[in-house]
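This is what each chain is made of:
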Amino acid sequence: MLRYAVVPRLAASLAAVAQLSVPVLAALGGALLLAEVPGPRFWAAAVLVLGGIALSLRKG
């Protein structure tokens, strides 16, 4: 998997934050696999999680 090649090359804090995106990606992949349309609750949760990741990666 790509993840196992990339994560060891990242700083520990960056790798930990990147791992927070895994549930969002897994849920989206599952929805695509099952041919389901993600609802508004999924998109709201995804925005919150990814927004939190973006805030934590911000410099300053």
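This structure is a prediction, so every number in the text was calculated from the model and none was measured. (Residues numbered from 1 in each chain as written. Predicted model: local features only at pLDDT ≥ 70, side-chain atom pairs only at ≥ 80, totals over all residues. Heavy atoms only, no water.)

## Some details on the packing of aromatic side chains
1) Next: Evaluated as defined, the whole model comprises one aromatic pair.
2) Next: Residues F42 and W43 carry aromatic rings whose centres are separated by 4.9 Å and whose planes lie at 75 degrees to one another, so their mutual orientation is edge-to-face.
3) Next: Overall, W43 belongs to the partly exposed group, its relative accessible area being 42%. (Phe/Tyr/Trp six-rings, centres within 6.5 Å; stacked < 30°, edge-to-face > 60°. Buried < 20%, exposed > 50% of the residue type's maximum accessible area, 1.4 Å probe, protein only.)

## Re the UniProt feature "domain: EamA" (unreviewed entry) in the chain
1) Next: In this numbering, the UniProt entry assigns the feature "domain: EamA" (unreviewed entry) to residues 8-57.
2) Next: Summarising residues 8-57: 76% helix, 0% strand, and an end-to-end C-alpha distance of 18 Å. (UniProt positions renumbered as here; feature names shortened; annotations may be inferred. Helix = DSSP H or I, 4+ residues; strand = E, 2+ residues; numbered from the N terminus.)

## What to know about the packing of helix α3 (residues 22-33) against helix α4 (residues 40-57)
1) Next: In contact at an axis separation of 10 Å, α3 and α4 are set at 150 degrees when each is read in the N-to-C sense. Accordingly, the angle class assigned to the pair α3 and α4 is roughly antiparallel. Note on packing geometry: the crossing formed by α3 with α4 is left-handed. Contact with α3, carried on its side by V24, A27 and L28, involves F42, W43, A46, V49 and L50 of α4 and no other residues of that element.
2) Next: Across the contact of α3 with α4, the residue classes break down as eight nonpolar, no polar and no charged. (Axes fitted to C-alpha atoms, helices over the stretch in contact; angles between N-to-C directions. Parallel < 35°, antiparallel > 145°, perpendicular 65-115°, else oblique. Left-handed = near helix turned anticlockwise from the far one by under 90°. Contact = heavy atoms within 4.5 Å. Nonpolar A, V, L, I, M, F, W, Y, C, P; charged D, E, K, R; others polar.)

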